[in-house]
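# Understanding the architecture of this molecule
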Amino acid sequence: MILDKFKLDGKIAICTGTRRGIGRAMTNALAEAGADIVSFDRNDPVDTRQDVEAMDRRFVWKKIDFSTASAEQLRALVNETAAEMGQIDILVNNAGICPREEILDYSIEIWEQSLRVNLSTPWFLAQAVGRIMVKRGCGKIINIGSLLSHQGGLTVPGYSASKHGILGITKSLSNELASKGINVNAIVPGYILTDFTRAINQNEDRNTQVESRIPMNRWGSPEDLQGVVVFLASEASGYMSGTDVAVDGGWLGR
Ligand code: NAI
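Residues numbered from 1 in each chain as written. Predicted model: local features only at pLDDT ≥ 70, side-chain atom pairs only at ≥ 80, totals over all residues. Heavy atoms only, no water.

Turning to the sheet that holds strand S3 (residues 59-63), a few remarks are in order. One open sheet accounts for seven strands, arranged S3-S2-S1-S4-S5-S6-S7; its pairing is parallel. Of all strands in the sheet, those bounded by a partner on one side alone are S3 and strand S7 (244-247). Ignoring strand direction, the axes of neighbouring strands in this sheet form an average angle of 20 degrees. With five bridges connecting them, strand S2 (residues 36-41) and S3 associate as parallel partners. Bridging from a neighbouring strand, Phe40 pairs with Lys62 of S3. Set on the sheet, helix H3 (residues 71-85) makes contact with strand S1 (12-16), S2 and S3; between it and S3 the angle comes to about 155 degrees. Sheet strands in contact with helix H4 (residues 108-136) are S1, S2, strand S4 (90-93), strand S5 (139-144) and strand S6 (182-189), and its direction is about 175 degrees off that of S4. (Pairing = 2+ DSSP bridges. Helix = DSSP H or I, 4+ residues; strand = E, 2+ residues; numbered from the N terminus. Axes fitted to C-alpha atoms, helices over the stretch in contact; angles between N-to-C directions. Contact = heavy atoms within 4.5 Å.)

The structure is reproduced here in structure tokens:
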């Protein structure tokens with residue numbers, strides 16, 4: 001049965017940034033499909049915990065701030081998680097930040113923070129999880145990109161560089177891990193209404209510009225990402241690796 005291939009019963013998924021927004025919706029989808037969840041987040045994901053536990057799945061929160069965590073701390077957290085949970089089947093690198101500044105005044109601090117949280121952290125987590133997955137010969141790594149994995153944007157060069165980089169590491173990891181049973185893919189969300197994008201949504205001029213550019217003429221919701229994350233985390237996507245899937249109401253095709 002094709003629908004059986006989408007089931008995640010008994011799987012352990014690490015998801016970063018699950019407290020709200022896209023991370024919360026994707027976590028709920030993975031749990032609904034059967035997975036137990038380990039959340040890496042700097043803030044207690046209280047609402048997400050409630051959602052997941054109401055589905056009778058396990059939810060473990062590991063407190064970590066990606067803006068300060070070292071590569072060694074990230075590795076240690078992954079190893080601790082694997083020891084506690086017995087295995088890691090799925091990694092979703094979702095947490096991200098998008099500080100803005102005029103390009104000629106764009107500060108070193110913002111540049112470094114953007115790259116650290118959005119690119120170095122996913123890389124170190126994927127490498128650490130990859131070492132564990134390779135031993136079992138299976139696993140799914142899903143990185144969250146952005147429209148700015150393909151475009152430059154305005155006032156966000158660090159974000160754009162990090163999100164282009166996310167596709168680079170998705171391909172690099174895939175090239176060397178796909179033969180070892182690990183699928184590595186990326187999801188590219190379009191304009192999704194969350195706290196992250198609320199300021200654009202509430203600015204009438206900006207909102208009109210955005211909506212009129214989207215072929216579907218509407219913003220996405222975090223729930224719009226649920227189907228694709230379950231697909232990429234499951235056996236149903238078994239022959240996909242090294243690619244990115246846009247969920248953007250048609251933006252990139254325009
Ligand atoms: P959000 O700001 O609503 O949620 C971000 C989550 O990451 C929160 O749970 C937060 O606690 C966690 N987080 C942030 N910084 C952290 C840090 N330093 N250490 C640990 N945890 C941290 O963001 P949203 O909208 O849900 O976005 C999620 C991902 O999707 C990001 O990678 C973002 O770049 C990407 N994305 C979002 C789009 C949108 O329109 N909302 C569009 C394209 C990509």
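Continuing now.
Around the ligand, the structure places 29 residues, and the nearest of them are Arg20, Asp41, Asn94, Tyr159 and Thr194. Between an oxygen atom of the ligand and a side-chain N or O atom of Asn43, the distance comes to 3.5 Å. Backbone polar atom of Ile192 to an oxygen atom of the ligand: 2.8 Å apart, as the coordinates give it. Calculation on the ligand without its partners gives an accessible area of 830 Å², and the protein chains cover 97% of this total. Among the cavities detected, the one that contains the ligand is the largest pocket. Elements with a contribution of two residues or more to the shell around the ligand: helix H1 (21-32) and helix H5 (157-177). Taken together, the residues of the shell around the ligand sort by class into 11 nonpolar, 12 polar and six charged. (Near = heavy atom within 4 Å. Polar contact = N/O pair within 3.5 Å; in protein donor to acceptor, adjacent residues only side chain to side chain. Areas by Shrake-Rupley, 256 points an atom, 1.4 Å probe, with all protein chains shown as cover. 1 Å grid on protein atoms, 1.4 Å probe; cavity = no way out; pocket = protein on both sides within 12 Å on 5 of 7 lines; lining within 4 Å. Sits in = over half its atoms within 2 Å of the grid points. Nonpolar A, V, L, I, M, F, W, Y, C, P; charged D, E, K, R; others polar.)

Moving on, we come to the nonpolar core. Formed by 27 residues in total, the largest nonpolar core has its most connected members in Phe40, Phe66, Val78 and Ile88. Ranked by residue count, the leading element in this core is H4, at seven residues. Beyond its immediate sequence surroundings of up to four residues, Ile88 is in contact with Ile12, Ile14, Val78, Thr81, Ala82, Val129, Ile132, Met133 and Arg136. Core analysis: the second largest hydrophobic core is formed by 26 residues, Leu8, Ile37, Phe59 and Ile142 among them. (Core = buried A, V, L, I, M, F, W, Y, C linked by side-chain atoms within 4.5 Å. Buried < 20%, exposed > 50% of the residue type's maximum accessible area, 1.4 Å probe, protein only.)

With five of its five residues buried, S1 lies for the most part within the structure. Alternating positions in S1 separate into two faces, Ile12, Ile14 and Thr16 on one and Ala13 and Cys15 on the other, with burial throughout. In this structure, S1 lies alongside S2, joined through five bridges in parallel fashion. The residue bridging Cys15 from the neighbouring strand is Ser39, located in S2. Tracing the backbone out of S1, into H1 and back to the parallel element S2 gives a crossover that is right-handed. The pairing of S1 with S4 spans three bridges and is classified as parallel. Along S4, the bridge assignment pairs Ile14 with Leu91. (Right-handed = clockwise from strand over helix to strand, strands pointing away.)

A separate point is the packing of aromatic side chains. What the rule picks out here adds up to four aromatic pairs. Consider the rings of Tyr191 and Trp219, whose centres lie 5.4 Å apart with planes at 75 degrees: the pair is edge-to-face. Taken together, the positions of Tyr191 in the loop between S6 and helix H6 (198-202) and Trp219 in the loop between helix H7 (204-213) and helix H8 (226-233) put the pair 28 residues apart, joining distant regions of the chain. Trp219 sits in the buried class, given a relative accessible area of 8%. Of the aromatic side chains, those joined through ring pairs into one cluster are Tyr191, Trp219 and Trp251. (Phe/Tyr/Trp six-rings, centres within 6.5 Å; stacked < 30°, edge-to-face > 60°.)

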